[in-house]
Amino acid sequence: LTSLEAVPCDGHLKLTGTTAQSGEADLWIPSASTDEPTVTGTGIASTQFTQVDGGWRVFVTVSGDYSIEVAPAGVK
């Protein structure tokens, strides 16, 4: 992980990192919404969502230099 920026008031999250081999970022996103958050970025191979108490767990498979941006459902 090389950078992390979170905006608690609106639910946005940005992070960057680098990895020599494929790995998985396990993120907990607080949310009252039943809609999945929006995940975009680079170096992302796949994304899996699991709704949990108080929000979402988002599993993002990454490789190389990667960036992940998360926004609440319906917001880009």
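Please refer to the structure higher up on the page.
Below you will find a few notes about this structure. (Residues numbered from 1 in each chain as written. Predicted model: local features only at pLDDT ≥ 70, side-chain atom pairs only at ≥ 80, totals over all residues. Heavy atoms only, no water.)

1. Quick look at the pattern of salt bridges
As enumerated under the stated definition, the model contains one salt bridge in all. Note that Arg57 and Asp26 form a salt bridge whose closest N and O atoms lie 2.3 Å from each other. Separated by 31 residues along the polypeptide, Arg57 in strand β4 (residues 55-71) and Asp26 in strand β2 (residues 12-30) bring together distant segments of the chain. The exposure class assigned to Arg57 is partly exposed, which follows from its relative accessible area of 33%. A relative accessible area of 41% means that Asp26 is categorised as partly exposed. (Salt bridge = Lys/Arg side-chain N within 4 Å of Asp/Glu carboxyl O. Helix = DSSP H or I, 4+ residues; strand = E, 2+ residues; numbered from the N terminus. Buried < 20%, exposed > 50% of the residue type's maximum accessible area, 1.4 Å probe, protein only.)

2. As for the sheet that holds strand β3 (residues 38-52)
Sheets are built from strands that pair by backbone hydrogen bonding, the pairs being arranged parallel or antiparallel. Pairing is antiparallel in the open sheet, where four strands are placed in the order β1-β2-β4-β3. Either end of the sheet is taken by a strand with one partner, and the two such strands are β1 (3-7) and β3. When the angles between neighbouring strand axes are averaged without regard to direction, this sheet yields 20°. As judged from the five bridges shared by β1 and β2, these two strands associate in the antiparallel manner. When the sheet's bridge partners are listed, Glu5 is paired in β2 with Lys14. (Pairing = 2+ DSSP bridges. Axes fitted to C-alpha atoms, helices over the stretch in contact; angles between N-to-C directions.)

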